[in-house]
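# Close look at the chain arrangement
Take a look at the letters that make up each chain.
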Amino acid sequence: MAEFPIGDVVDAHVHLMPERLMAAIREALSDAAGWEFNHPTDRDEMEAALTTAGVEQYTALPYVARSGAAADLNEWVIEATADSDHAVPFATVHAADDVEAVVTDAFDAGACGLKLQLPVQGFGADDPRLGPAYEVVAARDAPVVLHAGTAPMFTDSPHVGVERFESFLASYPDIRVCVAHMGTYEIEAFLNLARDNDNVFLDTTFAMSSVAKTYMDFDPTTVSDDTLAELSTSIMYGSDYPNIPYPYAREREHLLSRDLSVEVQRDIFSRTAQRFLGND
Ligand SMILES: [Zn+2]
């Protein structure tokens, strides 16, 4: 592994969920894509691996496909991270839930942001039922992470894509929102949205890994060094750990091989996430 050039690394896209839910997610991904997963799902084991890799902070992202399950899951995540020095717990919600109550309760209990896995959950970012949830998020100045792009297997989903996202953005122009996976496969459109909107962030998860071509048919070299430098205050490193079918090092070795200044690396691997999380 390349020597890591900076400290205080943040991994802005990590999943922490109960064993049984994680197993179900992995089974669905295996069925759909044939991937196999060997990384631990236990919090302590995950943190040991992440801190060995130099990660000081990570977002703990949950999500559920069905309604009625988010409240318990959020409680689990908050409890599981309560004594962690590294985790930043996020909450999730389903559009068919009492979204205001679920998100308010989670934030009151310690959640720091909201995560939606739109194609799996089965609704779009601009679903009007989510309005009261976004109002809570906005009132608390909290960040949102959205799987809003079509990759890796959602090109036919009506719930993702740049138009649904732009519709959300028009309604909530002040919420700090991260589009996971660089917005692949509509990457140019999402890069432009990050260019034009200070509150729009992108995470590098999967898309900028050295094995993106193999696992999601995306070539990370199509995003130029100049673009990474230009948008370094909007792009942050993420991994999808532990649900990645390859070693953790694959997730960042491509980024580290790029001709980027140390300042740009500091942005992508640390400072941009701090701004996104509201820690700056
Ligand atoms: Zn993810």
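This is a predicted model, so every value here is computed, not measured. (Residues numbered from 1 in each chain as written. Predicted model: local features only at pLDDT ≥ 70, side-chain atom pairs only at ≥ 80, totals over all residues. Heavy atoms only, no water.)

### What to know about the packing of helix α7 (residues 162-171) against helix α8 (residues 187-196)
Their axes nearest at 10 Å, the elements α7 and α8 cross at an angle of 15°. As far as their axial angle goes, α8 and α7 are roughly parallel. For the pair α7 and α8, the sense of crossing is right-handed. On α8, the residues that touch Val162, Phe165, Glu166 and Leu169 of α7 are Ala189, Phe190 and Leu193. (Axes fitted to C-alpha atoms, helices over the stretch in contact; angles between N-to-C directions. Helix = DSSP H or I, 4+ residues; strand = E, 2+ residues; numbered from the N terminus. Parallel < 35°, antiparallel > 145°, perpendicular 65-115°, else oblique. Left-handed = near helix turned anticlockwise from the far one by under 90°. Contact = heavy atoms within 4.5 Å.)

### Points about the sheet that holds strand β5 (residues 144-147)
Read across the open sheet, the five strands follow the order β4-β5-β6-β7-β8; overall the sheet is parallel. At either margin of the open sheet sits one strand with a lone partner, and together these are β4 (114-117) and β8 (235-236). As defined by bridge partners, strand β7 (residues 200-203) adjoins β8 across two bridges and the pair is classed as parallel. Looking at β8, one finds that Asp203 is bridged to Met236. (Pairing = 2+ DSSP bridges.)

### Comments concerning unusual backbone geometry
Cis geometry marks the peptide bond from Ala151 to Pro152; its omega dihedral reads -10°. Take Pro152: it is sitting in the loop between β5 and α7. Of note, His181 is a non-glycine position whose phi angle comes to about 60°, a positive value. Tracing the backbone through its elements, the reader meets His181 in the loop between β6 (177-179) and α8. Backbone geometry places Met182, a non-glycine residue, at a positive phi of 60°.

### Quick look at the UniProt feature "domain: Amidohydrolase-related" (unreviewed entry) in the protein chain
In the numbering adopted here, UniProt assigns the feature "domain: Amidohydrolase-related" (unreviewed entry) to residues 10-278. When the span residues 10-278 is considered, its composition is 43% helix and 12% strand, and the gap between its end C-alpha atoms is 13 Å. (UniProt positions renumbered as here; feature names shortened; annotations may be inferred.)

### Points about the coordination of the zinc ion
Coordination of the zinc ion by the protein is provided by His13 (NE2), His15 (NE2) and Asp240 (OD), with metal-donor distances spanning 2.1 Å. Along the chain, the residues donating to the zinc ion fall in the pattern H-x1-H-x224-D. Of this pair, His13 sits in strand β1 (residues 9-15) while Asp240 sits in the loop between β8 and α11 (250-257), and the two are 227 residues apart along the sequence. On the accessibility criterion, His13 (1% relative accessible area) is buried. The class for Asp240 is buried, based on a relative accessible area of 10%. (Donors = N, O, S within 2.8 Å, 3.2 Å for Na, K, Ca; no water. Buried < 20%, exposed > 50% of the residue type's maximum accessible area, 1.4 Å probe, protein only.)

### Things to note about the packing of aromatic side chains
Enumeration according to the criterion identifies 13 aromatic pairs in this entry. On the numbers, 5.5 Å between centres and 85° between planes, the contact of Tyr241 with Tyr248 is edge-to-face. Tyr248 matches Tyr241 in its accessibility class, with the two residues each being buried. One aromatic cluster in this structure is built from Tyr134, Phe165, Phe168, Tyr172 and Phe190. (Phe/Tyr/Trp six-rings, centres within 6.5 Å; stacked < 30°, edge-to-face > 60°.)

### Digging into the environment of Arg129
Tracing the chain through its elements places Arg129 in the loop between α5 (118-121) and α6 (131-139). Once residues lying within four places of it in the same chain are set aside, the contact partners of Arg129 are Ala95, Ala96, Val99 and Phe123. Polar contacts involving the side chain of Arg129 include one to the side chain of Asp127, which spans 2.8 Å. (Polar contact = N/O pair within 3.5 Å; in protein donor to acceptor, adjacent residues only side chain to side chain.)

### Some remarks on the sheet that holds strand β2 (residues 55-61)
Taken in spatial order, the three strands make up an open sheet running β1-β2-β3, and their pairing is parallel. Edge strands, defined here as strands with exactly one partner in the open sheet, are β1 and β3 (87-89). Direction aside, the axes of adjacent strands within the sheet are offset by 25° on average. Of the strands in this sheet, β1, β2 and β3 are in contact with helix α2 (residues 43-52), which crosses β2 at around 140°.

### Some points on α7
Considered for burial, the residues of α7 that qualify are Val162, Phe165, Phe168 and Leu169. Seen along its axis, α7 keeps its buried residues to an arc of 120°; they face one direction. Within α7, the exposed residues directed more than 90 degrees away from the buried face are Glu163 and Ala170. Tucked inside the fold, the buried residues of α7 contact α6, β5, β6, α8 and β7. (Arc of directions from axis to C-beta.)

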